[in-house]
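Observations on the three-dimensional arrangement
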Amino acid sequence: MVLTGAEIVIRCLQEEKVDYVFGYPGGAVLFIYDALFQQEKVRHILVRHEQAAIHAADAYARSTETVGVALVTSGPGATNAVTGIATAYCDSIPMVIISGQVPTAAIGQDAFQEVDTVGITRPCVKHNFLVKDAADIASTIKKAFHLAKTGRPGPVLVDIPKDVSAQSAEYHYPKSVEMRSYNPVVKGHQGQIKKALKLLLEAKRPMIYTGGGVILSDAAAPLTQLVRKLGMPITNTLMGLGGYPATDKQYLGMPGMHGTYEANMSMHFSDVLLAVGARFDDRVIGDPAHFAAEPRKIIHIDIDPSSISKRVKVDVPIVGDVKEVLEELARLLDDSKHEQDTASLATWWRQIDEWRSRDCMKYKNSDEIIKPQYVVEKLWEVTGGDAFITSDVGQHQMWAAQYYKFDKPRRWLNSGGLGTMGVGMPYAMGAQLAHPDAQVACVTGEASIQMNIQELSTCKQFRLPIKICNLNNRYLGMVRQWQELFHGGRYSESYMDSLPDFAKLAEAYGHIGIRVDRPADVEGALREAFSRKNDLVFLDFQIDQTENVYPMVQGGKGLTEMILSAEDL
Amino acid sequence: MRHVIALLIENESGALSRVSGLFSARGYNIESLTVAPTEDASLSRMTIVTSGSDDIIEQITKQLNKLVDVVKVVDISESAHVERELMLIKVRATGKDREEMKRMADIFRGRIIDATDSSYIIELTGNQTKLDSFIGAIDTTLILETVRSGIVGIGRGDRILKL
Ligand SMILES: Cc1ncc(C[n+]2csc(CCOP(=O)(O)OP(=O)(O)O)c2C)c(N)n1
Ligand SMILES: [Mg+2]
């Protein structure tokens, strides 16, 4: 069948069962938009800024098991998309981004709206392609989807010059992909898995530390079963929240810079540490030299060999899909004649419970002024702990991660790797579209929300009833916190002046806005918001301006050198 | 430590920039990098000379392997291998220097591949040290221009980097 390049693009998306494309039109993609117009299977969400298109598609992928898809034009369309692409790349999110390019004959001529999109995005994509012939579009898009979702997932960009989308070519969508240069390992090495099991069973102070890899490979169920069977303590990183139920007693909370005392102490003083789909990030282990100073054996399961022994030396590396390896580990455990050292484990738990009794997450609530932690706790109650929660970047993000107890995977959507302010609302849009009947809330700050505030308009157009919980402290709170602690209280440019009246702003876009000033009104406002099933409600909580996020491990310090509260300073 | 990494990569546009971009983005050293298609025109072979601790070299090979277009990566300096570099050097060759240059070229098994009244172009191949010593051995004020290809390397015996 002969089709135009543009028609081929849309056919390919249909073939991949893409429900939604998030995008923004322009000259170089006019043919593709024309082909999109003439069919109904693939629906298009018109955002108000390309960055939001990428974030929303990214969230669609994060909250489901699918590949997110976005479509942008050449030049400024592509450059606006870069922050979104880099955000997805840092968190290994499977995405396909299609960008228009100037016609092939104009490439390199400094044409109108020409940028070297493949060059600009190269360091922040898993792979990218420039398609020079309409006959190559189908096989390229097939490869793009394959690359995006296999191995360590990531965004893949396909740049299509305008003339290529207009050319005609024979259409045939390949059934499978063969790439001699790309064959990610899936199954873990048996011998290594056996070694790992032996180490775990013999451990006196075992600790399990899991990250985003567990979420990405849909391994929460096998992980939970295995950890329960082993009876060992577990922590989930910021990217891994929901990988293990947060309300379970074996769960120690999040580790790292703003992690719990018990999680950090257990990471540090464990004698065997099982790391699963996590990468020993500086925000998780603090100073690597301090971390390495305490001897322990490390088992590391990861799909990406380059993540292993990158920041800390690993004793038992296992390269493979996290889910496959965990399932194999569970099978071997069932067959194993090895006795677990349960006596030592019980002693270890007594130690952990002692650390736990410090109750590091307690905070002083107030009748006069709204505490952000209280808002998140109430949000958890009101939503029955079962909402999709997105966040932006800052203190509010940490409070959301600390106080919303995620029992399920893919419920917590945030920019962990790149730390991109502005993701919150587009993430909520993507999650709501993927789960139309679910409760979706965006926990944000007054600064972050303004980075993509224009999307209130998109939410109106597509009737997305997300709930925005603005923890409004009139500060770039996280910046202010660091200035308070490490820069002598010199608050350089961290005050958010001339803020809009957010409730009125939401109303101007046709939504409902509620300003909340008193602690006594927090719960009522949340209930009111979530009872409005069809409305976007913008809750503008005026919170304590000077509240800080604790516990805290300062940058460059070791995990055990925590500030637990302001009194520790 | 100095390492010589050989790799096969799909002969696609942009392949070179993926590799060089990786080195600059992650702050790895490149002493030299050579690339050309192999007998199979769909594949290019690169030889990269780099240096770093064992941990860094391990990361470099892992990161190279991670590039989607890279088919195979081998650190050939880990075992017996041969390295060669080509140098073309243009020197002033007048009066008594003319005879002396010819003599030095012969000693180093170089060939004079172009001659004018006042200059020679000498072609030399060998490992890096041989080329360096040639430059050290001649009167450097007579050097008009040099160009070196960078190292190409290959494993000895049955160590074969092929698909
Ligand atoms: C795009 C971008 N620019 C700058 C930063 C640096 N940064 C991190 S947190 C933060 C303050 C965020 O303020 P707000 O959204 O009000 O959240 P709060 O910390 O007050 O809860 C800034 C500026 C960033 N993460 N992203
Ligand atoms: Mg703020």
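Quick notes on the rules
- Residues numbered from 1 in each chain as written.
- Chains lettered and ligands numbered in written order.
- Predicted model: local features only at pLDDT ≥ 70, side-chain atom pairs only at ≥ 80, totals over all residues.
- Heavy atoms only, no water.
- UniProt positions renumbered as here; feature names shortened; annotations may be inferred.
- Pairing = 2+ DSSP bridges.
- Helix = DSSP H or I, 4+ residues; strand = E, 2+ residues; numbered from the N terminus.
- Axes fitted to C-alpha atoms, helices over the stretch in contact; angles between N-to-C directions.
- Buried < 20%, exposed > 50% of the residue type's maximum accessible area, 1.4 Å probe, protein only.
- Phe/Tyr/Trp six-rings, centres within 6.5 Å; stacked < 30°, edge-to-face > 60°.
- pLDDT = per-residue confidence, 0-100.
- Contact = heavy atoms within 4.5 Å.
- Buried area = accessible area lost by both parts, 1.4 Å probe.
- Salt bridge = Lys/Arg side-chain N within 4 Å of Asp/Glu carboxyl O.
- Near = heavy atom within 4 Å.
- Polar contact = N/O pair within 3.5 Å; in protein donor to acceptor, adjacent residues only side chain to side chain.
- Areas by Shrake-Rupley, 256 points an atom, 1.4 Å probe, with all protein chains shown as cover.
- Nonpolar A, V, L, I, M, F, W, Y, C, P; charged D, E, K, R; others polar.

In the nomenclature of an unreviewed UniProt entry, chain B corresponds to Acetolactate synthase small subunit from the organism Denitromonas halophila. According to the UniProt record, the Catalytic activity (unreviewed entry) comment for chain B is "2 pyruvate + H(+) = (2S)-2-acetolactate + CO2". You can read under Subunit (unreviewed entry) in the UniProt record for chain B the words "Dimer of large and small chains."

Going by what an unreviewed UniProt entry lists, chain A is known as Acetolactate synthase and is assigned to Denitromonas halophila. Under the UniProt heading Catalytic activity (unreviewed entry), the note attached to chain A is "2 pyruvate + H(+) = (2S)-2-acetolactate + CO2". In its Sequence similarities (unreviewed entry) section, the UniProt entry covering chain A states "Belongs to the TPP enzyme family."

This paragraph deals with the sheet that holds strand 12 (residues 297-302) of chain A. Residue and element names in this part refer to chain A. Taken in spatial order, the five strands line up as 10-9-11-12-13 in an open sheet, and their pairing is parallel. In this open sheet, the two strands that pair with only one neighbour each are strand 10 (234-236) and strand 13 (316-319). Here the strands of the sheet are splayed against their neighbours by 15° on average, with no regard to which way each runs. The pairing of strand 9 (residues 206-210) with strand 11 (residues 272-276) spans five bridges and is parallel.

This part covers the pairing of strand 4 (residues 68-72) of chain A. Remember that side chains alternate between the two faces of the sheet whenever the strand is regular. Residues and elements named next belong to chain A. Taking burial as the measure, the five residues of strand 4 include five buried ones, the bulk of the element. Taking every second residue as pointing to the same face, both faces of strand 4 are buried, with Gly 68, Ala 70 and Val 72 on one and Val 69 and Leu 71 on the other. In this structure, strand 2 (residues 20-23) lies alongside strand 4, joined through two bridges in parallel fashion. Each bridged residue has a counterpart across the sheet, and for Gly 23 the counterpart in strand 4 is Leu 71.

Residue and element names in this part refer to chain A. Within this structure, the stated rule accounts for 16 aromatic pairs over all chains. Summarising the aromatic geometry, the rings of Tyr 20 and Phe 22 are spaced 6.4 Å apart at their centres and angled 45° between planes, so their arrangement reads as tilted. Here Tyr 20 matches Phe 22 in class, with each residue buried. A centroid spacing of 5.2 Å and a plane angle of 70° characterise the contact between Tyr 209 and Phe 280, whose relative ring orientation is edge-to-face. Here Phe 280 lies in the loop between strand 11 and helix 12 (282-285) and Tyr 209 lies in strand 9, a separation of 71 residues in the sequence. For Tyr 209, a relative accessible area of 1% translates into the label buried.

With 100% of its residues at a pLDDT of 70 or more, chain A shows a mean pLDDT of 97. By mean pLDDT, helix 12 of chain A is the weakest element of chain A at 93, and strand 4 of chain A is the strongest at 99.

Let us now look at the interface of chain B and chain A. Taken together, the contact pairs 19 residues of chain B with 18 residues of chain A. For the pair chain B and chain A, the two sides together bury roughly 1,500 Å², of which 43% comes from carbon and sulfur. Here chain B and chain A share four salt bridges between them. With a shortest N-O distance of 2.7 Å, A:Asp304 and B:Lys66 are connected by a salt bridge.

What follows covers the site of ligand 1. Residue and element names in this part refer to chain A. Close contacts around ligand 1 come from 17 residues, with Gln 395, His 396, Gly 419, Ser 448 and Gly 477 the closest. Gln 395 has a polar backbone atom sitting 2.8 Å from an oxygen atom of ligand 1. Considering ligand 1 on its own, with 590 Å² of exposed area, one finds that the protein chains cover 76% of that surface. The set of elements that each furnish at least two residues to the shell around ligand 1 consists of helix 17 (395-403) and helix 20 (477-486). With three residues, the top contributor of residues to the shell around ligand 1 is helix 20. For the shell around ligand 1, a count of residues per class yields eight nonpolar, eight polar and one charged.

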